[in-house]
Amino acid sequence: AAVARTHRWAERSLAARTSEQILYGIVQGGPFEDLRKQSAQFIGAMAFDGFAIGGSYGNSFGDTREQTLREVGWAVSYLSEEKPRHLLGIGLIEDLFSCVAAGMDTFDCVVPTREARHGSIWMSRGRIDIKKSIYADDTSVLDEQCACIVCADMKTEKGALRALFKTKNSEAGRLATIHNVSFFNLLMARIRASIREGTFTALRASMT
């Protein structure tokens, strides 16, 4: 019933679309292979500008990485390679590489912003908790390999950012968010480049 409702909504959305809008069709179906394939076939045949695969992914919903990849695999072959394919709710590095390899193009997730607000910083050498005492007197730049404004322009030091978090200064979350979002945007740029250059497997091995 839920899948049928999704499809009716897709038809209504296309009918109501204006020329200024770009509209994606959403594939649903939960953990059921038959419903996933049915939904992907139905949505994939419609005149959307792009497609997305929805669902409850990740350990926070009781799912596993393996189950997520299975669900993506059931649907992706029905969605045109000539249009962007988006996966909702995926944001960890290992998952991004796995799902790109499975045929997905773009992603959205709360990971960069939610974790930033709690002091979790994603870096080229791994994720750190900037609130830990080991960073109290650290005068090194947050991430020397990062080109975001927080690292490259402001040259924010680890100790300085930690101090902002410890005093509950709202600037801490803002700076951490800018950095984390930039990190993942730059990571996706590196992934795109690696696909063009034929080095995707090597990049994946170096980061997961």
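Before going further, it helps to examine the packing of aromatic side chains. One pass over the full model with this rule turns up five aromatic pairs. Ring centres of F183 and F184 lie 5.2 Å apart, and the angle between their planes is 90 degrees; this geometry places the pair in the edge-to-face category. Taken together, the ring pairs connect W122, F183 and F184 into an aromatic cluster.

Grouped together as the largest cluster of nonpolar side chains are 32 residues, with contacts concentrated most on F107 and L187. Looking at this core, the elements that each hand over two or more residues are α1 (2–16), α2 (33–44), β2 (50–53), α3 (65–76), α4 (93–101), α8 (170–197) and α9 (200–207). Beyond its immediate stretch of four places on either side in the chain, L187 contacts I93, L96, F97 and M207. In terms of nonpolar packing, the next biggest core, distinct from the first, is built from 17 residues, A116, I121, L161 and A176 among them.

What follows covers the side chain of T156. Relative to the assigned elements, T156 resides in the loop between α6 (149–153) and α7 (158–166). Note on T156: relative accessible area 9%, which makes it buried. In this view, T156 contacts S140, V141, L142, V150, C151 and L161; residues no more than four positions away in its chain are not counted.

Each value, and the rule that gives it
- Residues numbered from 1 in each chain as written.
- Predicted model: local features only at pLDDT ≥ 70, side-chain atom pairs only at ≥ 80, totals over all residues.
- Heavy atoms only, no water.
- Phe/Tyr/Trp six-rings, centres within 6.5 Å; stacked < 30°, edge-to-face > 60°.
- Core = buried A, V, L, I, M, F, W, Y, C linked by side-chain atoms within 4.5 Å.
- Buried < 20%, exposed > 50% of the residue type's maximum accessible area, 1.4 Å probe, protein only.
- Helix = DSSP H or I, 4+ residues; strand = E, 2+ residues; numbered from the N terminus.
- Contact = heavy atoms within 4.5 Å.

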